[in-house]
Every structure is written in C-alpha cells, then in structure tokens.
Amino acid sequence: MSAITQGLMWYDDNPQTTFAEKIERAVEHYHSKFGHAPDRCLVMNGDSKRMLDSVGSVQVHAVRDMLPHHFLIGVAEGDVA
C-alpha cells in the first residue's frame, strides 16, 4: 500500500448511512475541493463487518492508527498530477 501524499480527513459518525455511503460522500467532497478524484481511503482496522475492498474506483485500506468514524481519503504517493 502506498502512502497518501495529498489527502483529506473526513469524519462521519451518522448511524443512518452505510460505510460505503460515508466513503462516497468523502470522495465527492474531495473532488469538489481538489478538482480530481481520490484513489485511496484509509479507515480504522478491525471493522471487518463493514470493511470493503473498494468503493467505486477508490481502494479502501484498514490501518491501525486511524480513529473510529474517520476516513483519510486521497491520492497515493506517485499518483498526484
């Protein structure tokens, strides 16, 4: 897994939205802020019931040092234009 070189921290603890919807909202916000789509999303490790390999074209990776309900969305190292 590559490091994220340009990213946005997204927080969403709404119990009414699915895990995928949270990531989709983060992707929309990232795109409106930076003008291009992200390709990575880092999430808290250990949430296997909601874990997905990808949401659309965004690869989802679980990491140990992420807080609950936080999503680090961005572009992998070497992918920034």
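Note: the structure precedes this text.
Every chain is numbered independently, its residues counted from 1 as its sequence is written. Local features in this predicted model are restricted to residues of pLDDT 70 or higher, and side-chain atom pairs are both shown and tallied only at a pLDDT of 80 or more, whereas totals for entire chains, interfaces and linings draw on every residue. Hydrogen atoms and water are omitted, and side-chain values are computed over all heavy atoms in the structure.

**Q** Could you give an account of the side chain of His-70, with specific residues and numbers?
**A** Comment: elements are numbered from the N terminus, with helices defined as DSSP H or I runs of at least four residues and strands as E runs of at least two. On the secondary structure map, His-70 appears in strand β5 (residues 70-76). A polar side-chain atom of His-70 sits 2.9 Å from the main-chain carbonyl oxygen of Pro-68. When near neighbours in sequence (up to four residues on either side) are disregarded, His-70 contacts Met-9, Trp-10, Tyr-11, Leu-42 and Val-43. Polar contact is defined as a pair of N or O atoms within 3.5 Å, subject to the rule that within protein one atom must be able to donate a hydrogen and the other to accept it, and that residues adjacent in sequence are counted only when both atoms are side-chain atoms. By definition, residues are in contact when any of their heavy atoms lie within 4.5 Å.

**Q** Could you give an account of the sheet that holds strand β3 (residues 54-55), with specific residues and numbers?
**A** Pairing between two strands requires that DSSP report at least two bridges joining them. Taken together, 5 strands build an open sheet; the order of strands is β1-β5-β2-β4-β3 and the sheet is mixed. Two strands in the sheet have a free side with no partner beyond their single neighbour: β1 (4-11) and β3. With 5 bridges connecting them, strand β2 (residues 40-44) and strand β4 (residues 58-63) associate as parallel partners. If you follow Arg-40 over to β4, its bridge partner there is Gln-59.

**Q** A description of the pairing of β4 should follow, citing residues and the corresponding values.
**A** Note that β3 and β4 share 2 bridges and pair antiparallel. Of the residues in β4, the one forming a bridge with Val-55 is Val-58.

**Q** Before we move on, could you go through the environment of Ala-37 and cite the residues and values that matter?
**A** Within the secondary structure layout, Ala-37 lies in the loop between α1 (19-34) and β2. Sequence spacing of Ala-37 and Ser-57 is 20 residues, and the spatial spacing of their C-alpha atoms is 8.9 Å. The contacts of Ala-37, once residues within four sequence positions are left out, are Tyr-30, His-31 and Val-75.

**Q** Account for the packing of aromatic side chains, naming residues and giving values.
**A** Two rings belonging to Phe, Tyr or Trp (six-membered ring only in the last case) form a pair when the distance between their centres is within 6.5 Å. Interplanar angles under 30 degrees mark stacking, angles over 60 mark edge-to-face geometry, and anything in between is tilted. A full pass over the atoms with the stated rule returns 2 aromatic pairs. Look at Phe-19 and Phe-71: their rings are 5.7 Å apart centre to centre, the planes differ by 50°, and that puts the pair in the tilted class. On the criterion of sequence distance, the pair formed by Phe-19 in helix α1 and Phe-71 in strand β5 is long-range, its members being 52 residues apart. Of the two residues examined, Phe-19 and Phe-71, each falls in the buried class. Ring geometry for Tyr-30 and Phe-34: centres 4.6 Å apart, planes at 45°, overall tilted. Remark: Phe-34 and Tyr-30 occur in helix α1; sequence separation between them is 4 residues, near one turn of the helix. The exposure class of Tyr-30 is buried, given its relative accessible area of 0%. Under the scheme applied here, a residue whose accessible area is under 20% of the maximum for its type counts as buried, over 50% as exposed, and between as partly exposed, the area being computed with a 1.4 Å probe on protein chains only.

**Q** Go over unusual backbone geometry with me, naming the residues and quoting the values.
**A** Although it is not a glycine, His-69 adopts a positive phi angle of roughly 70°. For His-69, the location among the structural elements is in the loop between β4 and β5. According to the relative accessible area criterion, His-69 is partly exposed, its value standing at 34%.

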